[in-house]
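Spelled out from the first residue to the last, the chains are:
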Amino acid sequence: MALLRKSFTQCISNRGLDRVLSQIRLNSSYEIVIAGGGSGGISVGARLSNALGSGKVAIIEPSDDHYYQPIWTLVGAGVKPMSSSRKAMKDVIPSKATWIKDSVAKLNPDEKSVTLSNGDTISYKYLVVAMGIQLHFDRIKGLPEAFETPGVCSNYSAATVGKTLKALKNFKEGNAIFTFPNTPIKCAGAPQKIMYLADEFFRKQGNRDKAHIYFNSAGAAIFAVKKYAEALNKIVASRDITANYGLNLVEVKPDKKQAIFAKMSNPEEKETFDYEMLHITPPMAAPAPIRDSPLSNEAGFVNVDSKTLQHTKYPEVFALGDCSSLPTSKTAAAVACQNKILATNLLSYRENQPRSATYDGYTSCPLITSSKTCIMAEFDYDLNPLETFPVNQAKERRTMYHVKATGLPIVYWNMMLKGRWGGPKFYRKLLHLGMSK
Ligand code: FAD
Ligand code: UQ1
């Protein structure tokens, strides 16, 4: 025993603790490794493991919970409970896939491996990157601490969405400000959806006349697609909301209840607003392991072909969702289409066949305008509307609200995460029989 201890100590001192530990770390290998178990990772993981059987696909995901983030707009306004957005990760990991419960620390595409945060190395033949987009509350001075104070909230994270309803209920009078940052974000409609729900909430609460509602956006317009922007501008005007463009939130001073915005035209120039309620959409960026890897483009996102979803330099790597360079609006609806196209193309590539599936940039943003109505925006890479239903979807509709609030969660949990929902294209074709869509 003494001899064993002596040689072990000697071994450590000779080689260094790190090297000894690295030799007892796991080095496993899977045919397909998926980095991230969110909407993209689980849906594409289900398709691939259904096609290839057990033991071929591994999903690397650190979280215990999987969230259906699109419902957080309604959770924030108190229309749906938080529990409706959450399932245990173990219950959504596809039964034929292996769950590696850790996070990716480093992507090594030249070695066809990833390094986990515990130091293990996982090798792959094919890699799917589905790590989402990272929230950066820390890039606003005074945050995240200001979330501890009254009135400051955000629907964008599981930790802060519960504060939105509190802020709405406690609102007496003053400014209610809804921000939009100067970076790419997921669901570009969400910063204003909660504003329309707040307007309705204050009307019901009886203090709408005491509220001044501001949409302070670093962007230049209410929405990127003209057809829907025109409808939304009318709603903003009819609800007595003030929209300010080119204003980027840079600091929150909770002691004075002030929000400080820099002008996009001249960031040195600042404008200060008093607030009673401040709903923050934070700046966002690609996750650090992607930004720091050779897989990223200049903006930090995984550089994939916009039609095939295959990496432009590493053909065994594919990406989908918010972490990808795909030049469309980052939504779960887009991921619905992308997961089918990615799985088809990866399986073709694996069989040395041409990549036959082509992505047109389909994305959708159900713009909730009250707890009963919704404008169902759907569009492609060229910002042309690509609507599923044979009605004018720029109109506020009750039917679309029910599609969003009741129908789509059912589709998400029961079909998309099981690899059986590739977006509404089939229904669009069916409902537009005889028309060009
Ligand atoms: P995510 O679903 O965010 O998943 C990323 C996963 O990667 C996470 O599970 C994360 O834990 C994991 N991960 C991160 N880093 C690592 C790492 N280093 N290693 C391993 N795993 C990692 N979309 C719509 O279609 N309609 C809507 O109405 C809508 N509304 C929204 C409202 C809000 C408030 C929010 C926040 C989002 C909304 N979205 C909506 C957007 C939608 O949720 C996202 O676009 C979608 O979830 C993107 O899927 P993803 O797989 O790319 O990323
Ligand atoms: C969609 O397919 C989808 O996937 C389940 C969503 O998930 C969040 C959506 O929000 C939307 C809008 C779509 C598109 C589907 C229809 C019927 C418009």
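Everything numeric here is computed off the predicted structure, so don't read it as measured data.

A. Structural detail: the nonpolar core. Of all hydrophobic cores here, the largest spans 114 residues; its most connected members are Phe202 and Phe223. When residues no more than four places from it in sequence are discounted, the contact partners of phenylalanine 223 are Gly189, Gln192, Tyr228, Ala229, Leu232, Cys365, Leu367, Ala377 and Phe379. Among the nonpolar cores identified, the runner-up in size contains 17 residues, and Leu143, Ala146, Ile177 and Leu247 belong to it.

B. Up close: the domain arrangement of the chain. According to the domain assignment, the chain consists of domain 1 (2-133 + 286-350), domain 2 (135-284) and domain 3 (363-431). The C-alpha-based centres of domain 2 and domain 3 are spaced at 25 Å. In this complex, domain 2 contributes 17 residues to the contact, which on the side of domain 3 involves 20 residues. Viewed at the interface, domain 3 and domain 2 are joined by 2 salt bridges. Glutamate 387 serves as the salt-bridge partner of lysine 227, at 3.1 Å between the closest nitrogen and oxygen. At the junction of domain 2 with domain 3, the criterion picks out 8 residue pairs in polar contact (both at pLDDT 80 or more).

C. Examining the site of ligand 1 more closely. If you check the shell around ligand 1, you find 32 residues, and the closest are Gly40, Glu61, Val104, Asp322 and Ala333. At a separation of 3.1 Å, an oxygen atom of ligand 1 approaches a polar backbone atom of serine 39. The separation between an oxygen atom of ligand 1 and a polar side-chain atom of lysine 404 is 2.9 Å. Alone, ligand 1 offers 1,000 Å² of accessible surface; in the complex the protein occludes 90% of this. Here the shell around ligand 1 gets 3 residues from one element, more than from any other, and that element is helix H10 (residues 332-350). Taken together, the residues of the shell around ligand 1 break down into 13 nonpolar, 13 polar and 6 charged. Per-domain counts for the shell around ligand 1 show at least three residues from each of domain 1 (2-133 + 286-350) and domain 2 (135-284).

D. Quick look at the sheet that holds strand E16 (residues 270-274). If you trace the 3 strands from one edge of the open sheet to the other, you get E14-E15-E16, paired in antiparallel fashion. Each edge of the open sheet is held by one strand with a lone partner, namely strand E14 (247-253) and E16. On average, each strand axis in the sheet is tilted by 30° relative to the strand beside it, whichever way the strands run. Sheet topology places strand E15 (residues 258-263) next to E16; 5 bridges connect them, and they run antiparallel. Looking at the pairing, phenylalanine 261 lines up with glutamate 271 of E16.

E. Expanded view of the site of ligand 2. Ligand 2 sits among 14 residues. The nearest are Tyr68, Tyr362, Ser364, Glu378 and Trp421. Here tryptophan 421 contributes a side-chain N or O atom positioned 2.8 Å from an oxygen atom of ligand 2. Contributing elements (two or more residues each) for the shell around ligand 2: H10, strand E20 (363-368) and strand E21 (374-379). Counting residues per element, the shell around ligand 2 draws most heavily on H10, at 3 residues. Residue composition of the shell around ligand 2, by class: 12 nonpolar, 1 polar and 1 charged. Counting only domains with at least three residues in the shell around ligand 2, you end up with domain 1 (2-133 + 286-350) and domain 3 (363-431).

The rules behind these values
Throughout, a residue's number is its position along its own chain's written sequence, starting from 1. Written order determines the labels here, with chains lettered from A and ligands numbered from 1. In keeping with the predicted nature of the model, local features appear solely for residues at pLDDT of at least 70, side-chain atom pairs appear and are counted solely at 80 or more, and the whole-chain, interface and lining totals rest on all residues. By convention in this description, side-chain values take in all heavy atoms of the structure and omit both hydrogens and water. We define the nonpolar core as a collection of buried residues of types Ala, Val, Leu, Ile, Met, Phe, Trp, Tyr and Cys that are connected through side-chain atoms lying within 4.5 Å of one another. Only protein chains enter the area calculation, which uses a 1.4 Å probe; residues under 20% of their type maximum are buried, those over 50% are exposed, and those in between are partly exposed. Note on definitions: a residue-residue contact is assigned when non-hydrogen atoms from the two residues lie within 4.5 Å. Boundaries of every domain are those given by an automatic assignment or by a domain database. Whenever a carboxyl oxygen of Asp or Glu lies within 4 Å of a side-chain nitrogen of Lys or Arg, that contact is scored as a salt bridge. Here a polar contact is recorded for every N or O atom pair within 3.5 Å, except that within protein the pair must consist of a potential hydrogen donor and a potential acceptor, and residues adjacent in sequence are included only if both atoms are side-chain atoms. Put simply, a residue is near a molecule or strand once any heavy atom of it comes within 4 Å of that molecule or strand. The protein chains shown are the only cover counted for residues, whose accessible areas, like all others here, come from Shrake-Rupley with a 1.4 Å probe. Starting at the N terminus, helices and strands are each numbered in turn, a helix being any DSSP run of H or I of at least four residues and a strand any DSSP run of E of at least two. Ten residue types, Ala, Val, Leu, Ile, Met, Phe, Trp, Tyr, Cys and Pro, are classed as nonpolar, four, Asp, Glu, Lys and Arg, as charged, and the remainder, Gly among them, as polar. Paired strands, in this sense, are two strands between which DSSP finds at least two bridges. Helix axes use the C-alpha atoms of the stretch in contact, all axes being lines fitted to C-alpha atoms, and the angles between their N-to-C directions lie in the range 0 to 180 degrees.

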